[in-house]
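# Breakdown of the fold
Here's the letter readout for the chains.
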Amino acid sequence: MPLRHRLVILPLLLLASVAPSVGAGPSGDWAWPVVGPVIRGFDPPSTPFGAGHRGIDIAAPIGTPVLAPAPGVVAFAGAVAGHLFVTVDHGGGLSSTSSWVSAILVRKGDAVARGSAVALTGTGHPGVEPPHLHFGVRQGGEYVDPLAFVAPPSLVGLIRLAPILPPTR
């Protein structure tokens, strides 16, 4: 007797916060730098040096490859105040930064393709759990919400077919 299957969607914490609204972004086709739930969203500062959260935090195990979200040229790859950062200039006034990484795999001036590894994730913001990548985007020098640039997350890894078993008597 062949097994029949039913669609089972596994719950994903914060899926709604990961998916940008329709028409929310300038492009919406960048690759995600890592795969994981967004654990903290964008909170723009009210002034250039004011408090805020200038990117999103994406949970990922330490050592996960960080991918370039779009093609570009590495504008910065190094330490700031003892922590490692990589910034890619995507042209047209757009840049992305991956922060608090554990290793840098590129050098300033390197051309990178969409999806190429530029770093390995670290612990994320000091003192914040779980480990995560802080991912920021600047447009014309201003911080903007990265969710407006990345493609909607794929549901492929969330959907599983489970067998429907005959009722037991």
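Parameters and conventions
Residues numbered from 1 in each chain as written. Predicted model: local features only at pLDDT ≥ 70, side-chain atom pairs only at ≥ 80, totals over all residues. Heavy atoms only, no water. Helix = DSSP H or I, 4+ residues; strand = E, 2+ residues; numbered from the N terminus. Buried < 20%, exposed > 50% of the residue type's maximum accessible area, 1.4 Å probe, protein only. Polar contact = N/O pair within 3.5 Å; in protein donor to acceptor, adjacent residues only side chain to side chain. Contact = heavy atoms within 4.5 Å.

## Observations regarding unusual backbone geometry
A cis geometry characterises the amide bond from E129 onward to P130, with omega recorded as -5 degrees. For P130, the location among the structural elements is in the loop between β9 (117-121) and β10 (132-139). One non-glycine residue with positive phi stands out, namely A81, at about 50 degrees. Residue position: A81 is located in the loop between β5 (72-80) and β6 (83-91). Relative accessible area serves as the criterion here: at 75%, A81 is assigned to the exposed category. Unusually for a residue other than glycine, W100 sits at a positive phi of about 60 degrees. On the secondary structure map, W100 appears in strand β7 (residues 94-104).

## Looking at the side chain of H90
Here H90 is to be found in strand β6. Within the local environment of H90, its side chain forms a polar contact with the backbone oxygen of A70, the two atoms lying 3.3 Å apart. A distance of 3.0 Å separates the side chain of H90 from the backbone oxygen of P71, its partner in a polar contact. In contact with H90, other than residues within four places in its own chain, are W30, P69, A70, P71, G72, S95 and S96.

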